Amino acid sequence: MKLCSCNCHQAQRKQADPTALGIMSFSISTVVLALLSLGIVTDNSTVICGWGFFMGGLCQFIAGMWDFARGNNFGGCAFAVYGAFWFTTGVNFLPAAGIAQDYTDGTYLKATGICTFAWVILNAIFSYSAWRTQPKTSFITFFLLFLSLVFLSIAQLFGVQVCFTICGIVQLLAAAVGLYVSTVILSTPDTTNEDLSMLDDKV
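Residues numbered from 1 in each chain as written. Predicted model: local features only at pLDDT ≥ 70, side-chain atom pairs only at ≥ 80, totals over all residues. Heavy atoms only, no water.

**Student:** Any details on the packing of helix H1 (residues 19-37) against helix H2 (residues 47-69)? Residues and values, ideally.
**Tutor:** Contact pair H1 / H2: the axes reach a minimum separation of 8 Å and the direction vectors enclose 155°. It follows that H1 is roughly antiparallel to H2 by the angle criterion. Here H1 and H2 pass one another in a crossing that is left-handed. Residues Thr19, Leu21, Gly22, Met24, Ser25, Phe26, Ile28, Ser29, Val32 and Leu36 of H1 form the contact with H2, whose participating residues are Ile48, Trp51, Met55, Gly56, Cys59, Gln60, Ala63, Trp66 and Asp67. Its residues assigned to classes, the contact of H1 with H2 shows 12 nonpolar, six polar and one charged. (Axes fitted to C-alpha atoms, helices over the stretch in contact; angles between N-to-C directions. Helix = DSSP H or I, 4+ residues; strand = E, 2+ residues; numbered from the N terminus. Parallel < 35°, antiparallel > 145°, perpendicular 65-115°, else oblique. Left-handed = near helix turned anticlockwise from the far one by under 90°. Contact = heavy atoms within 4.5 Å. Nonpolar A, V, L, I, M, F, W, Y, C, P; charged D, E, K, R; others polar.)

Following this line, the structure appears as structure tokens:
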């Protein structure tokens, strides 16, 4: 009997989970954003550009596309959207774009606050969806990010300086939860194709 040449009789290779990549990218880039909110990275905020384009933007966007391919609609939407958020943030802080310089009337911070408030609405949707469909740690991460964006939009729109500090602290908490989740995923034998039976220790 002649077998077909489409390799359908071979065992299907296990597909890797891109969630750890997406969450790790989100967490590390959120730490950088928190340092900006806390006023630690104010003298040279262009350092955000590299993180925005690559760590926060590219890595999350790729993770989102892989999640779509795996049939994970929530992960695909979340990572792709937040990847786009970081691409936008990178452009916003890029000196060559000249965005901040175009606001000669001093309304740059308020204009940014309007955009941030739009992200508050979007993050509320993600938080609700995570509460309905995702593990509790994912919901906590999105809810903390939602709170941080609320404080950030208040600080930008109304000039309440203390809200920048609160925003930065909440962002650090969200990043910590995200790093915990990514560590758990990377440390679980079910999420790797490698044979870990020879290992005596687990992270």
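**Student:** Let's hear about the UniProt feature "transmembrane region" (unreviewed entry) in the protein chain: which residues, and what values?
**Tutor:** According to UniProt, the "transmembrane region" (unreviewed entry) feature falls on residues 20-41, 48-66, 78-99, 111-131, 137-155 and 162-186. Strand forms 0% of residues 162-186 and helix 100%; the C-alpha atoms that close the span are 36 Å apart. (UniProt positions renumbered as here; feature names shortened; annotations may be inferred.)

**Student:** Mind laying out the nonpolar core, listing which residues take part and the relevant values?
**Tutor:** In terms of nonpolar packing, the biggest core is built from 23 residues, with Phe74, Tyr82, Phe126, Phe142 and Leu149 touching the most fellow members. At the level of elements, H1, helix H3 (73-92), helix H5 (108-133), helix H6 (136-158) and helix H7 (161-186) are the ones that each hand at least two residues to this core. Among the elements that line this core, the one with the most residues is H6, at six residues. Within the second largest apolar cluster, 10 residues are counted, among which are Ala20, Ala63, Val181 and Ile185. (Core = buried A, V, L, I, M, F, W, Y, C linked by side-chain atoms within 4.5 Å. Buried < 20%, exposed > 50% of the residue type's maximum accessible area, 1.4 Å probe, protein only.)

**Student:** Describe a nonpolar patch on the surface, with residues and values.
**Tutor:** A surface patch of nonpolar side chains, about 470 Å² in accessible area, is lined by Leu21, Phe54, Leu58, Ile62 and Trp66. By relative accessible area, tryptophan 66 is classed as partly exposed at 48%. (Patch = residues over 30% accessible without salt bridge, like charges linked within 9 Å, V, L, I, M, F, W, Y side chains within 5 Å. Areas by Shrake-Rupley, 256 points an atom, 1.4 Å probe, with all protein chains shown as cover. Salt bridge = Lys/Arg side-chain N within 4 Å of Asp/Glu carboxyl O.)

**Student:** Let's hear about the packing of aromatic side chains: which residues, and what values?
**Tutor:** For any two aromatic rings, the description comes down to two numbers: the centre-to-centre distance and the angle of the planes. The final tally for this structure, using the stated rule, is 12 aromatic pairs. With centroids separated by 5.7 Å and ring planes inclined at 40°, the aromatic side chains of tyrosine 82 and phenylalanine 126 adopt a geometry described as tilted. Here tyrosine 82 is found in helix H3, whereas its partner phenylalanine 126 is found in helix H5, with 44 residues between them in sequence. Take tyrosine 82 and phenylalanine 126: they sit in the same class, and that class is buried. Between phenylalanine 139 and phenylalanine 143 the ring centres are 5.8 Å apart and the planes differ by 25°, which places this aromatic pair in the stacked class. Taken together, the residues span about one helical turn, with phenylalanine 139 and phenylalanine 143 both in helix H6 at a distance of four residues. Note on phenylalanine 143: relative accessible area 35%, which makes it partly exposed. (Phe/Tyr/Trp six-rings, centres within 6.5 Å; stacked < 30°, edge-to-face > 60°.)

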